[in-house]
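Each chain is listed here by its residues.
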Amino acid sequence: MTTGTRADSSIVEVRLTPVAFVEPPLRNSAGVHGTTVARLVIEVHTAGGAVGLGETFGDPAVLAVAREAARRLPGGDVFDLVELARILDVDPLVDGQPDVVTAAEVREPGTFAGTTRVKAYSAFEVAFLDAQGRLLDRPVHQLLGGRVRSEVDFCGYLFFKFGAHPGEPEDEWGEVLDPAAMVGLAQRFVADYGFGSLKLKGGVLDPVAEVETLERLAAAFPGVALRIDPNAAWTVPTSLDVARKTDGLVQYLEDPTAGLTGMAHVASATSTPLATNMVVTSFRQIRRCVELGSAGIILADHHFWGGLRATQQLGAVCAALGLRLSMHSNSHLGISLAAMVQAAAVLPGLDYSCDTHYPWTVEDVVDAPVIKEGRIAVGDAPGLGVTLDRDQLARMHERWLRDGERPRDDVAAMRRHVPGWVDRRPRW
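Residues numbered from 1 in each chain as written. Predicted model: local features only at pLDDT ≥ 70, side-chain atom pairs only at ≥ 80, totals over all residues. Heavy atoms only, no water.

Draft legend 1. Summary view of the overall build of the protein chain. Each helix and strand counted, the protein chain has 14 helices and 12 strands in total. For 428 residues, the compact-globule estimate of 2.2 N^0.38 gives 22 Å, and the protein chain sits close to it at 21 Å. Expressed as a percentage of the 428 residues in the protein chain, the buried residues total 58%. Long-range contacts, defined as pairs at least 24 residues apart, comprise 76% of the intrachain contacts of the protein chain with a sequence gap of at least 6. For the protein chain, the exposed area adds up to about 15900 Å²; of that, 50% sits on carbon and sulfur atoms. On the protein chain, the mean spot of the 41 positive side-chain charges and the mean spot of the 54 negative ones are 2 Å from each other. (Helix = DSSP H or I, 4+ residues; strand = E, 2+ residues; numbered from the N terminus. Rg over C-alpha atoms; globule rule 2.2 N^0.38 Å. Buried < 20%, exposed > 50% of the residue type's maximum accessible area, 1.4 Å probe, protein only. Contact = heavy atoms within 4.5 Å. Areas by Shrake-Rupley, 256 points an atom, 1.4 Å probe, with all protein chains shown as cover. Lys, Arg positive; Asp, Glu negative; His and termini not counted. Charge placed at Lys NZ, Arg CZ, Asp CG, Glu CD.)

Pasting the structure below:
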C-alpha cells in the first residue's frame, strides 16, 4: 500500500469545468426540465499526482464562488478542510437558510436547499476527500469512519414527461402523461435496474389521477415500496385527502404542502409519515420542525447540507431527535452518484432507499457506479472509485459553451410547451 506525504498533499492546481448534459422533458410542479442540465466538475490536483473530483450545480452564482475559491486554493493542503471553509467563508453546519421556511417563500423545488457557498463547499469537500483517498489508497468511506453496509439501496425515480422537447424528435422514453403510461415506464425501470421501491414525482396531474397512478403501480408491483413528491403543489385539505386515499399504499408523502406550519397541519391529521427536502434543508431548521411536528423524515443531500461529513452529522442529529433519514436527488452525473454512495455507506440510520435521477442520465464524465437489483455495491477503490473521461468532459463542456451560462428555469422551459404557463403553488 502506498501512502502520501505532506508534500504530496499540497494543492498545485484547481480546474473547474462547467458541463451541460442532455435531459428528457421531465415534469414537476414548477414546469418541466429544459433540454440540458448545467453541472460543474471540480478537479483538485495535488503535488503527489492525486486528482480529487467533485460535482455540483452549474448555475452562475455557484460558478462565481467556485472560481474565487479555485484561485485561492493552490498552495493549500487537501487534508485541511478547515482552511477550505475559511477560503469559502462558510460554516456548513451554521450557514444555509433562515430558521423557518414559510409557505409564501416556496418557489422552485429546492429553492431553499442550501446557500450558494454551502453548495460550492460541498463539492470541494468531496474533491478533497477523493484526493485524500487516492493519496492514502483508501476509499472515502474509510476516511469517514468505515461503512455500515456493503450495498446501498436506490429508488426508481418516476417522472411524468412530454414525449420530446419542442422542435425535437420523440425521445427513447416517449410521452408519459397518464397513469397507464406511468406503469409502462415503471415496468422498464424495474426490468432494467431491479428497483424495489419507486418514487413518483407528483404535482403534475390532478391529484385524483396521481392517486390512480399510485394505485396502478401498487397493483402492478406488489411488494414494491411507493412514495410521492408533489413539491408543495397541494393545499392542506388536498394533502389530507390524498393521505386518506393512499393510507397504507405509500411509505411516505414528501412535501405535499408548503411551509413548516402547513406540513405540521397535515402531519397531525394523518398516520402516513411526511418527508421533506423543501422546509428542512439546514441544521437551523430542524429545531422548529421538531417543535411543530412538521415532518418525521429528513432527506439528506450532501450538496445542500455541507458535504459528506456534515451529512454524517445530520444522521447523528436525526437519530438523537427521533427523525428518520432518506436521501434526496437532483439531476446529476456519476461523480455525485459515487459521492452519494459513500455518504449512504456510513449512515447507520438510513431508513429508506435513496432517490436518484441517474437512470435518466444518458451521458457521463466518469465510469459511474452501476445499479443492479436496485442497489450499488460499496467498493474499496481509492477515493470515490471513479475515473474522469476527458474526452466526454471536453464534449460536454463544449455544449455548455454553446448553451451559455444561465440558471435552471423550469418555468421558461414549460412555456415552450404551454405558452403563458405560471408556476402556481398550491395548484390544487
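Draft legend 2. Quick look at the packing of helix α9 (residues 283-292) against helix α11 (residues 308-321). Direction vectors running N to C along α9 and α11 enclose 15°, while the axes themselves pass 12 Å from each other. Between α9 and α11, the interaxial angle falls into the category roughly parallel. Taken as a pair, α9 and α11 cross one another with a handedness that is right-handed. Counting all contacts with α9, which are made through Phe283, Ile286 and Val290, the residues of α11 involved are Ala310, Gln313, Leu314, Val317 and Leu321. A breakdown of the residues in the contact of α9 with α11 according to their chemical character gives 7 nonpolar, 1 polar and no charged. (Axes fitted to C-alpha atoms, helices over the stretch in contact; angles between N-to-C directions. Parallel < 35°, antiparallel > 145°, perpendicular 65-115°, else oblique. Left-handed = near helix turned anticlockwise from the far one by under 90°. Nonpolar A, V, L, I, M, F, W, Y, C, P; charged D, E, K, R; others polar.)

Draft legend 3. Broad picture of the state of the cysteines. Counted under the stated rule, the structure contains 0 disulfides. Residue Cys155 stays outside any disulfide, its sulfur separated by 9.4 Å from that of Cys354, the closest cysteine. Residue classification places Cys155 among the buried positions, given a relative accessible area of 1%. (Disulfide = S-S within 2.5 Å.)

Draft legend 4. Highlighting helix α12 (residues 334-345). Along its 12 residues, α12 runs 16 Å from first to last C-alpha, staying within 8% of the 16 Å computed at 1.5 Å per residue. Taking burial as the measure, the 12 residues of α12 include 12 buried ones, the bulk of the element. Here α12 has its buried residues at Gly334, Ile335, Ser336, Leu337, Ala338, Ala339, Met340, Val341, Gln342, Ala343, Ala344 and Ala345. (Expected span 1.5 Å × (residues − 1).)

Draft legend 5. Molecular detail of unusual backbone geometry. Residue Pro426 is bonded to the preceding Arg425 through a cis peptide linkage, with omega at 5°. Phi is positive for Ala232, close to 60°, though the residue is something other than glycine. Relative to the helices and strands, Ala232 is located in the loop between β6 (225-229) and α7 (236-245). For Asp255, which is not a glycine, the phi torsion comes out positive at approximately 40°. Under the relative-accessibility criterion, Asp255 is labelled buried at 1%.

Draft legend 6. Just the side chain of His141, in detail. Position of His141 among the secondary structure elements: in helix α4 (residues 140-143). Take His141: its relative accessible area is 1%, and that puts it in the buried class.

Draft legend 7. Spatial organisation of the packing of helix α5 (residues 179-193) against helix α6 (residues 207-220). In contact at an axis separation of 9 Å, α5 and α6 are set at 40° when each is read in the N-to-C sense. Considering the angle they form, α5 stands oblique to α6. Crossing hand, α5 versus α6: right-handed. Listed contacts from α6 to Pro179, Ala180, Met182, Val183 and Ala186 of α5 are Ala209, Glu212, Thr213, Arg216, Leu217 and Ala220. Partitioned by chemical class, the residues of the contact of α5 with α6 number 8 nonpolar, 1 polar and 2 charged.

Draft legend 8. Fine view of the pairing of β6. Within β6, 5 of the 5 residues are buried, leaving the element largely enclosed by the surrounding structure. Of the two faces of β6, the one carrying Ala225, Arg227 and Asp229 and the one carrying Leu226 and Ile228 are both buried. In terms of strand pairing, strand β5 (residues 197-201) meets β6 through 5 bridges, oriented parallel. For Lys199, the partnering residue across the bridge sits in β6 and is Arg227. Pairing of β6 with strand β7 (residues 252-254), which is carried by 2 bridges, proceeds in the parallel orientation. In the sheet register, Ile228 faces β7, and the bridge partner there is Leu253. Where the polypeptide runs from β6 across α7 and back to β7, its parallel neighbour, the crossover connection is right-handed. (Pairing = 2+ DSSP bridges. Right-handed = clockwise from strand over helix to strand, strands pointing away.)

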